[in-house]
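Chain residues, written in single-letter form:
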Amino acid sequence: MNEKIKESEPRVVVCLYDLALWFLQHTNRFPKNWRITIGDRIDNLLLDMLSLAYIARMRSQKIQLLNELSEKLEILRVLTRLSKELGCIVARQYEYVSRNIDEIGRQIGGWIKQQKKNL
C-alpha cells in the first residue's frame, strides 16, 4: 500500500489490505481441486472484510460492523488452517498468515473496546 495512504488509514485497515493483497496473490496457486472452493471463499471473505473495515472507518456507529468483521476473521482463521492441512499453503506461509490474523484480531478488539468506551 502506498506510504501516504498508510499514514492516513487506521492500522487495521492497512493490515487487512496487506493480508488481502498477499492472499489474493497466493490463492490462484492453490491446487486446482481447492482453488475454486477454498481459494474463492478466502478471496471473497477478504474482500468483504476489507469493505467492512473501510465502511466502519467512515461510520459513527461502528460496533456492529466491527463485530461482523471479527466474526469473518474467525472464519478466515479456520479456512487458513484448512488450507494448510490440505496442502494449499506450506507451514511458513501458514505462520505468516496466522501472525497477521492474530494482529488484525487484536486491532479489531481494541477498536471495539474504544468504541464501547465512547458510548
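1. A word on the confidence of the model for the protein
Confidence along the protein averages 93 in pLDDT terms, with 94% of residues attaining 70 or more. Mean pLDDT in the protein bottoms out at helix 1 (residues 3-8), which sits at 60, and peaks at helix 4 (residues 63-85), which reaches 97.

2. Quick notes on the packing of helix 2 (residues 11-27) against helix 3 (residues 32-58)
Two elements in contact, helix 2 and helix 3, have axes whose closest approach is 10 Å; the angle formed by their N-to-C orientations is 160 degrees. As the angle between them shows, helix 2 and helix 3 are arranged roughly antiparallel. Handedness of the crossing formed by helix 2 with helix 3: left-handed. Across the interface between the two elements, Val13, Leu16, Tyr17, Leu19, Ala20, Phe23, Leu24 and Thr27 of helix 2 pack against Arg35, Gly39, Ile42, Asp43, Leu46, Leu47, Met49, Leu50, Ala53, Tyr54 and Arg57 of helix 3. Residues belonging to the contact of helix 2 with helix 3 are distributed by class as follows: 14 nonpolar, 2 polar and 3 charged.

3. Quick word on helix 4
Given a rise of 1.5 Å per residue, 23 residues ought to cover 33 Å, and the 33 Å separating the end C-alpha atoms of helix 4 matches this to within 8%. Taken residue by residue, helix 4 has Ile63, Leu65, Leu66, Leu69, Lys72, Leu73, Leu76, Leu79, Thr80 and Ser83 as its buried positions. Residues of helix 4 that are buried in the fold lie against helix 2, helix 3 and helix 5 (91-117). Positive backbone phi, at 80 degrees, marks Gly87, one or two positions downstream of helix 4.

4. Considerations on the pattern of salt bridges
Enumeration according to the criterion identifies 6 salt bridges in this entry. Note that Arg57 is salt-bridged to Glu9, the shortest N-O span being 2.5 Å. Of the two residues, Arg57 is situated in helix 3 and Glu9 in the loop between helix 1 and helix 2; the sequence distance between them amounts to 48 residues. Residue class for Glu9 comes out buried when judged on its relative accessible area of 12%. Among the salt bridges present, the one from Glu74 reaches Arg77, with a minimum N-O distance of 3.3 Å. Separated by 3 residues within a single helix, Glu74 and Arg77 lie in helix 4, roughly one turn from each other.

What counts, and at which threshold
- Here the residue numbering is sequential within each chain, running from 1 through the sequence in written order.
- Residues qualify for local features only when their pLDDT is at least 70, as the model is predicted, and side-chain atom pairs are given and counted only at 80 or more; totals for whole chains, interfaces and linings, by contrast, use all residues.
- Side-chain calculation: all heavy atoms of the structure are included, whereas hydrogens and water are not.
- pLDDT expresses how confident the predictor is about each individual residue, on a scale running from 0 to 100.
- Helix and strand assignments come from DSSP, with helices taken as H or I runs of at least 4 residues and strands as E runs of at least 2, each series counted from the N terminus.
- Every axis in this analysis is a line fitted to C-alpha atoms, fitted for helices over the stretch in contact. Angles between the N-to-C directions lie between 0 and 180 degrees.
- What sets the label is the angle itself: under 35 degrees gives roughly parallel, over 145 gives roughly antiparallel, 65 to 115 gives roughly perpendicular, and the rest give oblique.
- Helix crossings are classified by the rotation of the near helix relative to the far one: an anticlockwise turn of less than a right angle makes the crossing left-handed, while a clockwise turn makes it right-handed.
- Whether two residues are in contact is decided by their heavy atoms: any pair within 4.5 Å suffices.
- Here the nonpolar group is Ala, Val, Leu, Ile, Met, Phe, Trp, Tyr, Cys and Pro; Asp, Glu, Lys and Arg are the charged ones; every other residue, Gly included, is treated as polar.
- A helix is expected to span 1.5 Å for every residue after the first.
- For the exposure calls, accessible area comes from a 1.4 Å probe over protein chains only, and a residue counts as buried if that area is under 20% of its type's maximum, exposed if over 50%, partly exposed in between.
- Salt bridge, as used here: a side-chain nitrogen of Lys or Arg that lies within 4 Å of a carboxyl oxygen of Asp or Glu.

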